[in-house]
Every structure is written in structure tokens, then in C-alpha cells.
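One letter stands for each residue in the lines below.
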Amino acid sequence: MLRIPAQMKTKKYWKETLEAYLYLLPAFTILGLFSFYPVVKSVYMSFFDWSLLRDTQYFVGWENYEKIIGDPVFRRAIMNTARYVIGYVPISIALGLIVAVLLNSKIRFRGPLRVAFFLPWVTSSVAISMVWRWIYNQHYGLLNMMLAGLANAVNTVVEFVSFGHLSEVWQFSNPNWLMEPQWTIINLVIIAVWQSLGYNMVIFLAGLQNIPHELYEAAEVDGASPWQSFWKITLPLISPTTFFISIISIIGAFKLFTEVYVLYTGRPGPVNSGMTIVYYVYRNAFERYRMGYASAAAYILFAIIFVFTLVQMRASKRRIHYGS
Amino acid sequence: MYAVLIAGALVMMLPFVWMVTSSIKAPHEITLRTIQWLPAVPQWENYKVAWEAAPFDIYFKNSFIIALTVMGLDVVFSALAAYAFAKLNFFGKNFLFLLFLGTMMIPGEVMLIPNYITMVNFGWIDTYASLIVPWTVSVFSIFLLRQFFLSIPNELFEAAILDGCGKFAYLIKVMLPLSKPALVTVMLFKFIGSWNSFLWVLIMTNTPAMRTIPVGLTYFVSDVGAYYNYLMAASTFAMAPILILFLLLQKQFIQGIARTGLKG
């Protein structure tokens, strides 16, 4: 039998309920129209051959999903994303942690240094990708000019110390970063590391504040070097933060779009080398008007991200590590 | 250690520096094949040329109108909802809260297509409404404000209600003034998120009259092509408002991120 809580019988409770609903009304209306409804609607659409150019839509069952899974371009998108994640997440976390640990001590210019590292994160992806496009330019870009200078210096030094026996050990090939497909993911990884390092640093700095200072003092008394303290205290105790950042970064990586779009001026890189899942959704929905097909692709993206979200939720409940 | 940090910071700043120095170079200096850090004569008029080569005044006006409206409405709607969740007792509270939170787990890309169709049906394509209305409530803001409201002691609330203070009056007179840091964080994130948003604006707008800075900038590229000095000038002024905002409010900003650990 359903038990009705005592408070539900009072008039005051229902009056308060009414009032609460009034407070929630604007939020509920907007979320209902633009979040709840579309989430359900896109599941529905994903089972249709749905085109904006027609009035009637055709039910196709799982066909969209089957086609997407079988589409080499979609597989390419998954592979690209995987390579991007593997390239960018570990580097950006490692560098973020190093900078955070260095900045965590009482040093001068802590504020300005923190700002310098964090600045890339606030800037618009579009404007900053434009700047990187210029840096990657084959002939006049900063990257190739710096690499050429470096190659030249290395060659000179090697030639000098080998008494002229070794010349031109580094034959600089002036790579065309934006036109040669093998560089696409690397280009994107460099931008992503540069942009997210400061964000990771800020989260790590917050995490480092939570490590009791006495631990370091005790370690110092016991004769531990700063290096040992880092490996035995900082790294294990910061691991929940590291985990959190990894998941957030992976989820973010799966949504990659803007950087590709701008870096390659509205193309997914040479020979689809920069194809991502969101780009795939965008192309099918807004360049080819296959709304049902694109909805199915978006749901596959959701499924992938959902797995990582669940892992994150599980872990934050158990609060990994902090072992005895 | 210092050397590592300073070298790192310099590398981080390098793209910005290169952007600004490129933006004041003469055309022949842009196509030099060796590094030239500073132009012989700074070409400040590049900014004027870039500004006039595309309707940047319209893009800026649109970006400001949209970001400010979205920010204002979001903070109002979210504060109202957060207040209900934090302080009121009502039927279906837990269910509704979970429903709201659930949307945070769903990537926006899933909603993109049905929302686009909704916009077509409303006839809102290429209007401010499509760029503003869907973004006026964010669960992130509601969640953040609710957490903050919860930290304000309940005794205060009960005492005020007993004294005959209305619930709405309490929100306005007590809760909001006490929650300034949280409100600032919410507004800051919302403003920057709106200013930088790209994909939605890209698919919602067809004409220059409705474009915002980021989308306008991508069209500018196809217009001016390889004149990178003008492109860098445009990138510089496109970034400027957010960079200035950040430098002014960096404390709130960094604290906000450290506290919430969430992407804006």
C-alpha cells in the first residue's frame, strides 16, 4: 500500500509546491523545449530516414545505426578521436601537474605565471585556431621557421664537434603541416595541449591544496628528497584529481569540432584525416540534410560519452585511492 | 625551477605574441622566410583595414547583445530555480532535480538536430531569438547556485519567514546579496561561453547581419585569403574583449574553475 507522508496532507505543503513550481517555470519551459524534448525527439528521428526537404519521413528501424557502424568514414572519425585522445590527454595532464607542482610553492610572480599558463583556455577557439593556422603555414609560419633555425644550429654544432665529418645530420624537410594528412592529429594535439594545460593546472592547484602539509614535513624529517615526496605523496594523493581531469578531457576530446573546422577552413582535414564524430554529425545533418542518420550518429557519440560519465560517477562515489 | 616555469610561460605566450606582431607587419614582412619578431614600422592601420573589410561592427554588436542577454536571463531564471531546489519543500523535488541534472550528462550535440528543426518550425532561423532563447537556462548555473544557497543557514530563512517576510522577498533581499561570488561566477562563465560559442551560431545564421564574432571571423578568412597580417589583426580584436574581461576578473575566474571543476 502506498504510504502518504504526513507532510503531504497539509495545506501548507501544497501551497509551497505551487510556489516552487512558479519559481521553476521559466527554467522548466526552456529546458523542456530545448533539452528534454530534443533528447527524446532525436532518438525517435534516429530510426527514420528523415530529410528536411520532404514532408513524409520513412521508418527504417536500426538501418541508420548499421550504416554508420559500417561506414569507413565514421570508423575513421573514431580512430582519429582515439589517436587524438591518446596524444593529448597524457601530455596535457603531465604538463599541467608539473606546472601546478612548481607553482604550488611560495615563489615570486606566481600570479602572472599562472595567468600566462591559463590565458589560452579563455580565448575563443576560432580566433586561436586562426593563429595556429598561421603558425603552421608551410613557408612563412613560425613553426617551420623555428624548426629550420633549430636544424641549422644543430647541424652547425655537430659539424663543429665532429671536425667537419658530419654535416647536415638533420635534413629539414619543411613539412607542410596543414596539407599532409599524417600531421593532422598532431597539429590538433599541439593546440589542445596548449589550450588545456592551464585549465588542468588550475584544477591540480586546487587538488594540491587538499594534501595535508604535515605529510611533506614528516617526509622531509625522514630524509625524503623532494623527488621522492612527489612520487610517494603528491602523485598518489592527487590521483582522484588526475582521474577527474582524464575523464573530463576524454569527454571533451570526443566533441572536437571547432578547431578542425577553422584550421582546415570548413573541411575535415586532408583526406578526412581530421574527421571527428561531431564533424560527421555536422556534415550529415547540415551539409547533406540527413537528419535521421545524423541523429543516430549523435546518439552513438552520446553512448560513448555516457560510458565515461558512468565511470567518473562510480569513481567519485568510491573516491579512488586514499589507501591506507 | 624558475627557468623552467618562465620558459614554459614564454612558450605559452608565443602564439599571442606572434599574433600581435604579425598583425602590425607590412605585406612584404608577412612573407619573409626568416623570423622577424618586430616589423620595421608598425602598421597600425592594418587594424582599420581589417575592421572595414568585413562588417565587424555588426558582429561585435551581435556578440555583445547576445552574450549580455543570455547572461542576464540565465542568472535570473537559474537563481529562481536554484532557490526552489535549495530552500523550498515541494512535490516531485528530487525527481525534478535529477531530471535537470541528467541533462548535464547528455552532450549538446544530441540536441542540435531537433533544436535546429524546432527553430525552422518557429521561423527563428537567422534571428536573435534562436541565438538567445535556447541558452537562457543552464543546469550548470542552477546547480552551482543551488550548492551556494544550501550553504546559507536555514535558521535565517525560517526566522525571516516567521517574521512575515515573503519567500520571494527573502530571495531578493537576503539570498542574492549573500551569493554575490556565486552569481559572478555563473555570469562570467555564461558570458564567455556565449561569446565563444560557434557551432550553434554557424548553423543558425545565414546572413552577415546575424553573425557573431567567431562565425564572422571564419567568413572573413575566406574573404581576405592569405593576408595574414589582416587576419591576425582581426583575431586580435576578436579576442580582446574576453582577454580584458579575464585579466580584470582573473581571481573570480580561477576560483570559479577550481571550485566547480567544470568547463564553462
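This structure is a prediction, so every number in the text was calculated from the model and none was measured.

**Remarks on the overall build of chain A**
In terms of helices and strands, chain A carries 13 helices and two strands. Taken against the 2.2 N^0.38 rule, which gives 20 Å for 324 residues, the C-alpha radius of gyration of chain A at 26 Å runs more than 25% over that of a compact globule. Considered along the principal axes of its C-alpha atoms, chain A spans approximately 90 × 65 × 35 Å. By the burial criterion, 40% of the 324 residues in chain A qualify as buried.

**A few points about the overall build of chain B**
For chain B, the helix and strand inventory stands at 15 helices and zero strands. Counting every position in chain B, which comprises 264 residues, the buried fraction comes to 42%. Contacts in chain B between residues at least 24 apart in sequence constitute 77% of all its contacts with a sequence separation of at least 6.

**A short note on the nonpolar core**
With 159 residues, the main nonpolar core has A:Val281, A:Ala297, A:Ala298 and B:Ala81 as its most contacted residues. Two domains each put at least three residues into this core: domain 1 (1-43) and domain 2 (54-154 + 182-260) of chain B. Setting aside chain neighbours within four positions, we find A:Ala298 in contact with A:Ser42, A:Val281, B:Glu109, B:Val110, B:Leu112 and B:Ile113.

**A few points about the packing of helix H3 (residues 72-103) of chain A against helix H12 (residues 277-287) of chain A**
Residue and element names in this part refer to chain A. Running from N to C, H3 and H12 point in directions that differ by 150°, and their axes come no closer than 8 Å. Here H3 is positioned roughly antiparallel relative to H12, judged by the angle of their axes. For the pair H3 and H12, contact is made by Val73, Phe74, Ala77 and Thr81 and by Ile277, Tyr279 and Tyr280, respectively.

**Looking at unusual backbone geometry**
Residues and elements named next belong to chain A. For Asn174, which is not a glycine, the phi torsion comes out positive at approximately 50°. Following the sequence through the fold, Asn174 ends up in the loop between helix H6 (142-161) and helix H7 (184-209). At Asn272, a position not held by glycine, the phi torsion is positive, near 60°. Among the structural elements, Asn272 can be located in the loop between helix H11 (258-263) and H12.

**What to know about helix H1 (residues 11-45) of chain A**
All names here are of chain A. Across its 35 residues, H1 extends only 44 Å between first and last C-alpha, which sits more than 12% below the 51 Å expected from 1.5 Å per residue. Of all the bends found along H1, the most pronounced is centred on Leu24 and spans about 50°, while Pro26, a proline, follows it within four residues. For H1, the set of buried residues is Ala20, Tyr23, Leu24, Ala27, Ile30, Leu31, Phe34, Ser35, Pro38, Ser42 and Met45.

**Some remarks on the packing of helix H8 (residues 139-150) of chain B against helix H11 (residues 180-196) of chain B**
All names here are of chain B. Relative to each other, H8 and H11 sit at 170°, their axes nearing to 10 Å. What the angle tells us is that H8 and H11 run roughly antiparallel. Every residue of H11 that contacts H8 at Ser141, Leu144, Leu145 and Phe148 is listed here: Ala182, Thr185, Val186 and Lys190. Of the residues belonging to the contact of H8 with H11, the class tally is five nonpolar, two polar and one charged.

**As for the domain arrangement of chain B**
Residues and elements named next belong to chain B. Looking at the assigned domains, one finds that chain B contains domain 1 (1-43) and domain 2 (54-154 + 182-260). Measuring from the centre of the C-alpha atoms in domain 1 to the corresponding centre in domain 2 gives 32 Å. Contact with domain 1, which involves eight residues of that partner, is made by six residues of domain 2. Looking at the side of domain 1 that touches domain 2, the elements with two or more residues in it are helix H1 (2-23) and helix H2 (27-30). If you tally residues by element for the side of domain 1 that touches domain 2, the top one is H1, at four residues. Split by residue class, the side of domain 1 that touches domain 2 holds four nonpolar, three polar and one charged.

**Brief notes about the environment of B:Pro15**
Within the secondary structure, B:Pro15 sits in helix H1. With 22 C-beta atoms packed within 10 Å, B:Pro15 lands in the buried category. Beyond its immediate chain neighbours, meaning those up to four positions away, B:Pro15 contacts A:Val131, A:Trp132 and A:Ile135.

**Topic: the environment of A:Ala151**
Residue and element names in this part refer to chain A. Examined against the element boundaries, Ala151 turns out to sit in helix H6. A residue is classified by how many C-beta atoms lie within 10 Å of it, and Ala151, with 17 of them, is partly exposed. Ignoring any residue separated from it by four or fewer positions in sequence, one finds Ala151 in contact with Trp170 and Phe172.

**Description of the confidence of the model for chain B**
A low pLDDT means the predicted coordinates there should not be read in detail. Residue and element names in this part refer to chain B. Per-chain confidence: chain B averages 89 in pLDDT, with 98% of residues scoring 70 or above. Per-element mean pLDDT across chain B ranges from 77 in helix H15 (residues 250-260) up to 96 in helix H4 (residues 56-87). Scored as a complex, the prediction yields pTM 0.89 and ipTM 0.89.

**Here's the deal with the confidence of the model for chain A**
Averaged over all residues, the pLDDT of chain A is 89; the fraction at 70 or higher stands at 95%. In this model, residues 320-324 of chain A is a region of pLDDT below 50 whose contacts with residues beyond four sequence positions or in other chains number seven contacts.

**Brief notes about the environment of B:Ser179**
Residues and elements named next belong to chain B. Mapped onto the elements of the fold, Ser179 is located in the loop between helix H10 (167-178) and H11. By C-beta crowding, Ser179 is classed as buried, having 22 other C-beta atoms within 10 Å. Residues Ser179 and Ile152, spaced 27 residues apart in sequence, show a C-alpha to C-alpha distance of 8.8 Å. Sequence-distant contacts of Ser179, that is, excluding residues within four places in its chain, are made with Leu145, Phe148 and Phe149.

Criteria and thresholds
- Residues numbered from 1 in each chain as written.
- Chains lettered and ligands numbered in written order.
- Predicted model: local features only at pLDDT ≥ 70, side-chain atom pairs only at ≥ 80, totals over all residues.
- Helix = DSSP H or I, 4+ residues; strand = E, 2+ residues; numbered from the N terminus.
- Rg over C-alpha atoms; globule rule 2.2 N^0.38 Å.
- Buried ≥ 20, exposed ≤ 12 C-beta atoms within 10 Å, placed from the backbone.
- Contact = placed C-beta atoms within 7 Å.
- Core = buried A, V, L, I, M, F, W, Y, C linked by C-beta atoms within 7 Å.
- Domains from an automatic or database assignment.
- Axes fitted to C-alpha atoms, helices over the stretch in contact; angles between N-to-C directions.
- Parallel < 35°, antiparallel > 145°, perpendicular 65-115°, else oblique.
- Expected span 1.5 Å × (residues − 1).
- Bend = angle between axes of the 7 residues up to and from the residue.
- Nonpolar A, V, L, I, M, F, W, Y, C, P; charged D, E, K, R; others polar.
- pLDDT = per-residue confidence, 0-100.

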